[in-house]
Amino acid sequence: MQQLIINPKNLPIVEISPMFRGQIALIDLLRSEGQIAFQARFVKQPQGNLFRVLDQEYHFIVEVIDSELVIQRNDEAVSLDISQVVLSSGDICFVINWSPRHLRLLCGNPGGTMYDTGEQSTQVVVPPPSLVEWARKQNLLPVTEYASEEEFRQRIYSALLSLKDKVAEIGAINSFWNISYNGSKIDSRSPKRETDIHPTIHSLLHDQMLMGSVRVIPERQTGVGDLDFSFVGAVQGRGTCEVFAEFKLAHSKDVYHGLEQQLPDYMRNKGIKYSAYCVLWFKCEWFGEPKNLLLADMEMELIARLPNTNLPGIRVFVFDFGKGTTAST
């Protein structure tokens, strides 16, 4: 286990490896419960930090040391030997999963076998509220021009993560359901259609995007169909750049087609490098679809299908709008 010597004057420290900048957002690393999945291509054996968060009473590190992928949170760590994966292919798929009570690592070749540590139980650990608040404020700092397209992408992903947390924290799920009343009593609930949900999502994202000098364009025409949202901002040396986002109901028959075909077609036709595929989950005691599937299972299935897009710049987000949604930070 890594022993850390930290100068308190330099805290907090948040570092993300250049190969993952943009794909991983700051707020990703400060969630008490989360999952990060990404693909990377290595021309040689990887070494060093993938990311690390250091504060006086909290640290969260993922790194590669001597062919082992290691996740460390405070005084507990889990490792996974990735040497065989690296030898068989330069393309590696990582999945890092955690909650206050566990750490988990998966690694494998895209579309192939995933090697799993299994779930490692830990003492209950959550990021300090002050550190989470600091991270959220970073995402609200005014920006007029982004230093890189990756930094712009990170701002968009951070806003989407904040949307997930905002809905969970205040229990604001009714806006996403059709509710039928009999007097003051609720007779029934059913999920709204995607097109009826879009204005609510637009309004929730508007203020964050305004602070970041990001224009939100709904129903963006791509030439091969209408995209749900395009986020437009200025990048130094590049001018105007876009990040696409497509939203899909988890119980839609087209949920996997949307990821594997629809969104990639939009991106290729407009030459877009980065996007978000956002799946809206409603299954709970009020609604039983999709049948025989848990949210975590759908998220893993979507991640497993990412290589089918042949586009490394897509990230999956799953929003839980079912009854019993709880905060993740």
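Source: prediction; values computed, not measured. (Residues numbered from 1 in each chain as written. Predicted model: local features only at pLDDT ≥ 70, side-chain atom pairs only at ≥ 80, totals over all residues. Heavy atoms only, no water.)

So, the sheet that holds strand β6 (residues 76-81)
In spatial order, the strands read β1-β3-β4-β5-β6; together these five strands make up an open sheet with antiparallel pairing. Each edge of the open sheet carries a strand with a single partner, namely β1 (13-16) and β6. The mean angle between the axes of side-by-side strands here comes to 15°, regardless of whether they run parallel or antiparallel. (Pairing = 2+ DSSP bridges. Helix = DSSP H or I, 4+ residues; strand = E, 2+ residues; numbered from the N terminus. Axes fitted to C-alpha atoms, helices over the stretch in contact; angles between N-to-C directions.)

Here we look at unusual backbone geometry
Of the consecutive residues E289 and P290, the connecting peptide bond is found in the cis state with omega at -5°. Positionally, P290 belongs in the loop between β16 (275-281) and α6 (295-305). Its identity is not glycine, yet N74 carries a phi of approximately 50°, on the positive side. Looking at the secondary structure, you find N74 in the loop between β5 (68-73) and β6. A relative accessible area of 17% places N74 in the buried class. (Buried < 20%, exposed > 50% of the residue type's maximum accessible area, 1.4 Å probe, protein only.)

Concerning the sheet that holds strand β17 (residues 314-320)
The mixed open sheet is built from five strands, whose spatial order is β13-β14-β15-β16-β17. Two strands bound the open sheet, and with one partner strand each, they are β13 (215-221) and β17. The average angle at which neighbouring strand axes cross in this sheet is 30°, direction not considered. Here β16 runs beside β17; their pairing, made up of seven bridges, is parallel. Bridge pairing in β17 places W281 opposite D320.

Description of the environment of D75
Relative to the elements of secondary structure, D75 occurs in the loop between β5 and β6. You can call D75 exposed: its relative accessible area is 61%. Sequence separation between D75 and Y58 is 17 residues, and the spatial gap between their C-alpha atoms is 9.4 Å.

A word on the pairing of strand β14 (residues 226-235)
Across the 10 residues that make up β14, a large majority, eight, are buried. Note that β13 and β14 share six bridges and pair antiparallel. Residue pairing in the sheet places R215 in a bridge with V232 of β14. Between β13 and β14, which follow one another and run antiparallel, lie four residues, and G223 among them has a positive phi close to 95°. Where β14 meets strand β15 (residues 239-249), seven bridges bridge the pair, whose relative direction is antiparallel.

Some words on the pairing of strand β4 (residues 59-65)
Counting buried positions along β4 gives six out of seven residues, so the element sits mostly inside the fold. Sheet analysis places strand β3 (residues 48-54) next to β4, joined by six bridges and oriented antiparallel. When the bridges of β4 are listed, G48 appears paired with V64. Two strands pair when backbone bridges link them, and β4 and β5 are joined in this way by six bridges, in the antiparallel orientation. When the sheet's bridge partners are listed, V64 is paired in β5 with L69. The antiparallel pairing of β4 with β5 creates a hairpin that spans two residues between the two strands, and D66 there sits at a positive phi of about 50°.

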